Amino acid sequence: MKGQEYLKNAVTLELDADKCTGCGMCATVCPHRVFEIEGKRAVIVDRDACMECGACGRNCPVEAITVRSGVGCAVAVLTRLLRGSEITCDCCGGPHNGTF
Amino acid sequence: MVEKTDSLSFITCNNRRIPRVPTELVFADRLGGWKARWGINRMKYLVEPGLYAVGNPDADSVVLVSANYKLSFDALRKQLSGLDAWLMVLDTKGVNVWCAAGKGTFGTDEIVRRIELVKLEKIVNHRRIIVPQLAAPGVAAHEVKKRCGFSVVYGPVRAADIIAFIEAGMKATEAMRRVRFSLHDRLVLTPMEFVMGAKYLVFSVALLFILAGLSAAGYSSDLAVKNGVRSAVNLLAAYLGGTVVGPVLLPWLPGRSFSFKGCFVGVVVGVVLMLLKLTGGRLETIAWVLLVAAVASFATMNFTGASTYTSLSGVKKEVRVALPLQVIAAVLGAGMWVASRFADGTIRI
């Protein structure tokens, strides 16, 4: 989305094309439309749009996708850094506006 | 505390009384939602997990799965008017679908467990559940199928698209599958952003008032009030810039990192404060530009968690670069501000 592109070349998303069976689950679940199915294989068409939510990897039945998933939240990163503990997530409003 | 949904009625299915949820929100729902937005009792805004009915469902009706955060539950049910469906609410500890999926509480285990608990196989003839697409980080569709026989169909991202999705034969358009972060989405998140660090703001303002009385001629309570009010206004402007202006203007601000966007807002706010003659003498003005930029940058950086498109790797990368700069600017700014108590305005030979 225009003006909503995060840092370039930062994400850990990898796709092993040899393992891919082209089932299309990754393309279905990705909220940023990072994958497309071309022929019988998934391809990464917009890698920088990946937010590492981990939905694709979790739903890949042949484990062709690896991604170090996590929540892109500076408060969580800082809390781990400074206190060594996890936040309880009662801090932000959370992105759930009218989402199903 | 579990919120009671008003005017609950029940339907009977297999000799079980299943509560029917209304698809219209009442005043109490709206008030509760507003309070949650401001962080009041937000983590206790729950719905009882379990099976609910929408309309008059039968054994062939669809099954929708959702979280037990009442704000999410309300956002969902108000979109289901005219639909006959089953609604299976998971125990996500009062956290919304997407965040709960990220933590794993909205996950494969809880779905399988809940299907067993509500005896879903006795309620419906088919073996299919519609799970929100945003739950996919926590749910492995193929594992759910293997463990309990139910197929997971990923529904749309937004509740408003559910009926269209079902009418299209469980097919989502590309637009339905894409998450957005509209002006409205960002706006409703800002109260929480503001509340989040408010205690630090109050503490800092108190400190500014105390220190504002310092001068080369000793301590003056008149100065404390005069400069304290001015300083409090500057700090509040910086905080509002970072927690409200930055998030609202997000896509139109330059740069990709949130800290840079926030810093840009901070510099603009600093210049405006200067033009309004609120920043004092020369040294104090430099101090304020540094302080305002640091505060706004830090506050907007913290909005990454509420946004819908930042990755953990990206945030780590951003924090590594931005945090040291923010700290340096804040320390320098604070030092210069204290120094300006003794220099600016009261300069003597």
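Chemist: Go over the domain arrangement of chain B, please, and point to the residues and values.
Modeler: Partitioning chain B into structural domains gives domain 1 (9–177) and domain 2 (183–342). Each of domain 1 of chain B and domain 2 of chain B has a C-alpha centre, and these two points are 41 Å apart.

Chemist: Explain the interface of chain A and chain B to me, using residue names and the numbers behind them.
Modeler: Buried accessible area, meaning the area lost when the parts come together, often serves as the stated size of an interface. Contacts between chain A and chain B engage 48 residues on the former and 62 residues on the latter. Elements supplying a minimum of two residues to the side of chain A that touches chain B: helix 1 (25–29), helix 2 (55–59) and helix 3 (74–83) of chain A. When residues of the side of chain A that touches chain B are assigned to their parent elements, the largest contribution, five residues, is made by helix 3 of chain A. Class assignment for the residues of the side of chain A that touches chain B results in 25 nonpolar, 16 polar and seven charged.

Chemist: Go over the nonpolar core with me, naming the residues and quoting the values.
Modeler: In this structure, Cys26(A), Cys56(A), Val65(B), Leu87(B), Met88(B), Ala101(B) and Val139(B) are the most contacted members of the largest nonpolar core, which totals 79 residues. In this structure, Val71(A), Ala293(B), Met301(B) and Trp337(B) belong to the second largest nonpolar core, which totals 44 residues.

Chemist: Tell me about the packing of helix 11 (residues 221–249) of chain B against helix 12 (residues 258–275) of chain B, and please be specific about residues and values.
Modeler: Between two packed helices, the angle of one axis relative to the other and the distance separating the axes together describe the packing. Residues and elements named next belong to chain B. In the contact formed by helix 11 and helix 12, the axes pass within 9 Å of each other and the chain directions differ by 145°. Crossing of helix 11 against helix 12: the hand is right-handed. Where helix 11 abuts helix 12, its residues Asn234, Ala237, Ala238, Gly241, Gly242, Val245 and Gly246 lie against Lys261, Gly262, Val265, Gly266, Val269 and Leu273. Class assignment of the residues belonging to the contact of helix 11 with helix 12 gives a composition of six nonpolar, six polar and one charged.

Chemist: Go over the environment of Thr308(B) with me, naming the residues and quoting the values.
Modeler: For Thr308(B), the position within the fold is in the loop between helix 13 (282–301) and helix 14 (312–342). Sequence-wise, Thr308(B) and Ser297(B) are eleven residues apart; in three dimensions their C-alpha atoms are separated by 19 Å.

Chemist: Kindly report on the pairing of strand 7 (residues 151–154) of chain B, identifying the contributing residues and their values.
Modeler: Residues and elements named next belong to chain B. Burial along strand 7 is one-sided: Val152 and Tyr154 are buried, while Ser151 and Val153, pointing the other way, are not. In terms of strand pairing, strand 6 (residues 128–131) meets strand 7 through four bridges, oriented parallel. By the bridge assignment for strand 7, Val131 is matched with Tyr154. Once the chain exits strand 6 it traverses helix 6 (residues 141–148) before rejoining the sheet at strand 7, and the crossover so formed is right-handed.

Rules and cut-offs
- Counting restarts for each chain, with residues numbered from 1 along the sequence as it is written.
- Each chain takes a letter, starting from A, and each ligand takes a number, starting from 1, following the order in which they are written.
- Confidence filtering applies because this is a predicted model: local features only for residues at pLDDT of at least 70, side-chain atom pairs given and counted only at 80 or more, and all residues used for totals across whole chains, interfaces and linings.
- Note that the domain bounds reflect an automated or database-derived domain assignment.
- By definition, residues are in contact whenever their C-beta atoms, placed on the basis of the backbone, come within 7 Å of each other.
- Secondary structure elements follow DSSP: runs of H or I of four or more residues count as helices, runs of E of two or more count as strands, with numbering from the N terminus.
- For this scheme, ten residues count as nonpolar: Ala, Val, Leu, Ile, Met, Phe, Trp, Tyr, Cys and Pro. Four count as charged, namely Asp, Glu, Lys and Arg, and the remainder, Gly too, count as polar.
- By definition, a nonpolar core groups buried Ala, Val, Leu, Ile, Met, Phe, Trp, Tyr and Cys residues that are joined through C-beta atoms within 7 Å.
- Each residue is classed by its C-beta neighbour count within 10 Å, where at least 20 other C-beta atoms makes it buried, 12 or fewer makes it exposed, and intermediate counts make it partly exposed; the C-beta atoms are placed from backbone geometry.
- Lines are fitted to the C-alpha atoms to define the axes, a helix being fitted only along its stretch in contact, and any angle between axes, read from their N-to-C directions, falls within 0 to 180 degrees.
- Helix crossings get a hand from a simple test, with the near helix turned counterclockwise from the far one by less than a right angle marking a left-handed crossing and a clockwise turn marking a right-handed one.
- Pairing between strands is defined by DSSP: at least two bridges between the two strands are required.
- Here, the term right-handed applies to a crossover whose path from the first strand over the helix to the second runs clockwise when the strands point away from the viewer.

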